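One letter stands for each residue in the lines below.
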Amino acid sequence: MTPKKEASAVCVIFGAKGDLTRRKLIPALYHLFINQHLPKTFRIFCIDYISIERDVFLEELLSGVVEFSRTGPPDINLWQTFTSRITYISGDFLKEDTYLELKRVLDNVDLQNKKRGIRIFYYAVAPRFIEILSDSLYRFKLANQDNLDRIIIEKPFGTDLETAKKLNRFLRKRFTEKQLYRIDHYLGKETVQNIMAFRFANYVFEPLWNNKYIDHVEITVAEKVTVGSRGGYYDGSGALRDMVQNHLLQLLCITAMECPVKYEAETIRNAKTAVIKQVRPFTPSAVSKNVIRGQYKGYRKEEHVPSRSYTETFVAARLYIDNARWKNVPFFLRTGKGMQRQSTVIIIQFKDSPNKIFKGDVVPNRLTISIQPELEISLLFESKVPGLQMKLKPVEMDFTYKESHEEAIPEAYEALILDVLKGDATLFMRGDQVEAAWKLVMPILDTWKKQQGKDLKFYEQSSWGPRAATELIKPYSKDWNHLPNI
Ligand code: BG6
C-alpha cells in the first residue's frame, strides 16, 4: 500500500552529511520518489552541523546515488525534480536555534499544505545525539502528535541492557511507543521478509518445522569485508553487539517464531519477542562451552584499533529454545568479518530418514534459505541416478528470484522508510524486544570481560573463522554446511 497521494509528509534527516544519508537514505528516498510511493507534497529537510552551499550538498548526494543506487546513475530530469524537494539546514544539534529554524520551516510546510502533515525524523547520527535530539523535538513540540509524528532510530540501540533500558525510558517520557521506529535493516531485506511468506503461506512446511523432523539450524552472516576505516566505532562494539544482538537474533526469531494470529505489527512482534525470551539463558559455564569468539589476523593493525585489542570480529554460538517446538534442537549462529566470502544463509538441517532400505549413505534433507548475495531457496533431497542400478545421489530443487520474479528488488531502506510513512511498525524493533535481546547476550559480554581475551581465537582472513567454530558444530555435522555455490 502506498500512502495516499494527498497525504502531506516531510522527512527530516539529522546527520545529513553522514555516510548513511549518502549511501542509503537518499538512494532509498529517490527510488520511492521515482516509483511514485511518496505523496506529491513530500519534502526532505537535511540537517547537519557543517555549513555548505545547497548545490555542493546536492552534488554530494548525487555522487552517492551514482555510486550506491541499485539502478545506477539517476535520470537527470527526475533527479532535479526530486532534489527540488530537498532543503539543507546547517544547524548544531546542541543549539536551540536549530530547532527554532526547523519549527519555522515545518510550520511553513503545514501552512502551504493547509494541514498538519506527517513528520518523519530520521536520526542518522552517532548514538550520543539521540537524547539531545529527542529532548529538543519534545521541548519545541516538533513531534507532539503521536498519530502523525514518527522517529526513526538507527542501531546501536544502547550498548548493553542498562543503557538500552535507560534510553527506552528516556524516549518513552517524550514520545509514545508507536512513534518509535527502531531500525534493524535486516528486517527490510526482501529475502528476510520472504521467510514469513515461505513458512506461513505454504502449509507443506509447517508440520515439519519442529524437533521431530529438524536436527539443527544454522544461521550464518559472513562478510568478506574487514573492519577497514570503522575501527573507531567497531572496536568498542565487536561482532556480538554489532551483529548478533540485532541482525542474527532477528533472523533466529523469524526462523523459530510461532505463526502469529494475523499479519499485523503487534502480533508479529509479540511472536518474535517470545522466541528471544525462550532462548535458554547463558550461564558463565554455558558461555565457555557454547560461544566462540575470534579475531581476524591483522585486525589490530586496522586504523583506530588498539594494538592489544581483544574485540571479537567473529562469533559462533550454539543456543537452545526452551519450548515444545524446539526442545533439544540446537541453533548455531555464526557471523564474522574477513571471511572467505559474503554469505547470509539459514540452513534447516532435517533429520536422517528412519527408512534404511538403500545401500550406502543417504544424505538427510536440507533446506537452504539464502538471504544474500544469492537470493534463493533450495531443498536438497536424494534421487535415483539414472541407470540400471539403484544408486542414489543428492540433488537440489531451487527457487531463485531471478528466474521466478521479474520485479526489481527494493533496498531494505526503501521498504523501511515507506513503512514508516504508512505508520506500519511490523519490520521495526519494539522496545521490549531490544531489551530482551540485550538480556540474552549480557552473560556473554560479562563472561568475556572477565576472560580479558584469554579465550579469543585468531583466524586467517579469507577463511571461515577459527577452528573452534567447527568443533562447536561437530557433534551435529562434519562442519558448518556448505554455503551455496562453493
Ligand atoms: C551493520 C553493521 O548493521 O550491518 C555492519 O554495523 C555490517 O558492521 C552491516 O557490515 C551488514 O549489513 P549488510 O546489509 O551489508 O549485510
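Residues numbered from 1 in each chain as written. Predicted model: local features only at pLDDT ≥ 70, side-chain atom pairs only at ≥ 80, totals over all residues. Heavy atoms only, no water.

### Section: helix α1 (residues 19-34)
Convention followed: The helix count covers DSSP runs of H or I at least four residues long, the strand count covers runs of E at least two residues long, and both are numbered beginning at the N terminus. Expected helix span is computed as 1.5 Å times (number of residues minus one). Fitting axes to the seven residues that end at a residue and to the seven that start at it, the angle between those axes gives the bend at that residue. With a 1.4 Å probe rolled over the protein chains alone, any residue whose accessible area is under 20% of its type maximum counts as buried; one over 50% counts as exposed, and the rest are partly exposed.
Its 16 residues give α1 an end-to-end C-alpha distance of 22 Å, which sits within 8% of 22 Å, the value for a rise of 1.5 Å per residue. Along α1, the sharpest change in direction is near 35° and occurs at L25; proline P27 comes one to four residues later. If you check which residues of α1 are buried, you get T21, L25, I26, P27, A28, L29, Y30, H31, L32 and F33. In the segment just after α1, Q36 is the residue with positive phi, at about 60°.

### Considering the site of the ligand
Here is the rule: In this text, near means that some heavy atom of the residue lies within 4 Å of the molecule or strand in question. What qualifies as a polar contact is a pair of N or O atoms within 3.5 Å, subject to a donor-acceptor requirement within protein and to the restriction that residues adjacent in sequence count only when both atoms come from side chains. Polar here means any residue other than Ala, Val, Leu, Ile, Met, Phe, Trp, Tyr, Cys and Pro, which are nonpolar, and Asp, Glu, Lys and Arg, which are charged; Gly is therefore polar.
Neighbouring the ligand are the residues K155, H185, Y186, K189, E223, R230, D242, M243, H247, K337 and Q372. H185 places a polar side-chain atom, nitrogen or oxygen, 2.8 Å from an oxygen atom of the ligand. Contacts to the ligand include D242, whose side-chain N or O atom sits 2.6 Å from an oxygen atom. Counted by class, the shell around the ligand contains two nonpolar, three polar and six charged residues.

### Here we look at the pattern of salt bridges
Quick reminder of the rule: A carboxyl oxygen of Asp or Glu within 4 Å of a side-chain nitrogen of Lys or Arg is what we treat as a salt bridge.
Tallied over the entire structure, the rule returns 29 salt bridges. Ionic pairing is found between R23 and D19, a salt bridge with its closest N-O pair at 3.0 Å. Separated by four residues within a single helix, R23 and D19 lie in helix α1, roughly one turn from each other. Classification of D19 by relative accessible area gives partly exposed; the value is 46%. A salt bridge links R139 to D135; the shortest N-O distance between them is 3.4 Å. Of this pair, R139 and D135 both sit in helix α5 (residues 130-139), four residues apart, roughly one helical turn. Members of the salt-bridge network, linked through shared partners, are K103, D107, D110, R116, R119 and D149.

On their own, these measurements won't tell you what the molecule is for.
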